[in-house]
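# Geometric and topological summary
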Amino acid sequence: QVQLVESGGGLVQAGGSLRLSCAASGRTFSSYNLGWFRQAPGKEREFVVAISYDGNTYYADSVKGRFTISRDNAKNTVYLQMNSLKPEDTAVYYCAGTYSYARLLKYVYDHWGQGTQVTVSS
């Protein structure tokens, strides 16, 4: 069973930056596909970004050019660098993972973290 633990959330002013981390435990991390989702109050959870086991990345249009996902297989960790943050980026951010590339492409994930709050003030 894979466990995902997010960290790095917090309060930041608009235009600022934050870096989220997601540490994974369990099976072979280098074969693992990971993504970030977010959920704002009163809204449905939405896809933000994903990275495949071999480094392909997929971004939601709303974050392209501002957010960057990366992974460090030696540390079993995936990162989300968020720049030029906007108040509308305020949400709980969830790390998710799956060993299936097909499920990654369908935004279907098997494992989820507990989430970390990101608040962007105007």
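Above this text sits the structure in question.
None of the values given here were measured: they were computed from a predicted structure. Along each chain, residue indices are assigned from 1 in the same order as the chain's sequence is written. Totals for whole chains, interfaces and linings use all residues, but because this is a predicted model, local features are given only for residues with pLDDT of at least 70 and pairs of side-chain atoms are given and counted only at 80 or more. Hydrogens and water molecules were not included; the side-chain quantities draw on all heavy atoms of the structure.

## Examining the nonpolar core
Ranked by size, the top nonpolar core spans 34 residues in total, and within it W36, M82 and Y93 carry the most contacts. Labels follow the DSSP assignment, with helices taken as runs of H or I lasting at least four residues and strands as runs of E lasting at least two, numbered in each case from the N terminus. Elements with a minimum of two residues in this core: β3 (18-25), β4 (33-39), β5 (46-51), β7 (67-72), β8 (77-82), β9 (91-98) and β11 (116-121). In terms of residue count, β5 provides more of this core than any other element does, five residues in total. Within this scheme, the nonpolar core is defined by two criteria: the residues are buried Ala, Val, Leu, Ile, Met, Phe, Trp, Tyr or Cys, and they are joined through side-chain atoms within 4.5 Å. Three labels apply to residues, based on accessible area from a 1.4 Å probe with only protein chains included: buried if under 20% of the type maximum, exposed if over 50%, partly exposed otherwise in between.

## Let's talk about the environment of H111
Tracing the backbone through its elements, the reader meets H111 in strand β10 (residues 111-112). By relative accessible area, which is 13% here, H111 ends up buried. Between the C-alpha atoms of H111 and A96, which are 15 residues apart in sequence, the distance is 5.4 Å. We call two residues contacting when some pair of their heavy atoms lies within 4.5 Å. In contact with H111, other than residues within four places in its own chain, are Q1, V2, L4, Y32, C95, A96 and G97.

## Examining the side chain of N33
Secondary-structure assignment places N33 in strand β4. Contacts described as polar in this section are N or O atom pairs within 3.5 Å, which, within protein, must combine one atom able to donate a hydrogen with one able to accept it, while residues neighboring in sequence count only if both atoms come from side chains. At 2.8 Å, the side chain of N33 forms a polar contact with the backbone nitrogen of Y53.

## Some remarks on the side chain of T77
Relative to the helices and strands, T77 is located in strand β8. The buried category is assigned to T77, whose relative accessible area is 9%. At 2.8 Å, the side chain of T77 forms a polar contact with the backbone oxygen of K75. Beyond its immediate sequence surroundings of up to four residues, T77 is in contact with S21, C22, A23, F29, S70, R71 and D72.

## Section: the packing of aromatic side chains
For this analysis, a ring pair means two rings from Phe, Tyr or Trp (six-membered ring only for Trp) whose centres lie within 6.5 Å, classed as stacked if their planes differ by under 30 degrees, edge-to-face if by over 60, and tilted for the remaining angles. In this structure the tally under the stated criterion is seven aromatic pairs. Ring geometry for Y32 against Y99: centres 4.5 Å apart, planes inclined by 50 degrees, an arrangement best described as tilted. Of this pair, Y32 sits in the loop between β3 and β4 while Y99 is found in the loop between β9 and α1 (101-105), placing the two residues 67 residues apart along the sequence. Its relative accessible area of 25% is what places Y99 among the partly exposed residues.

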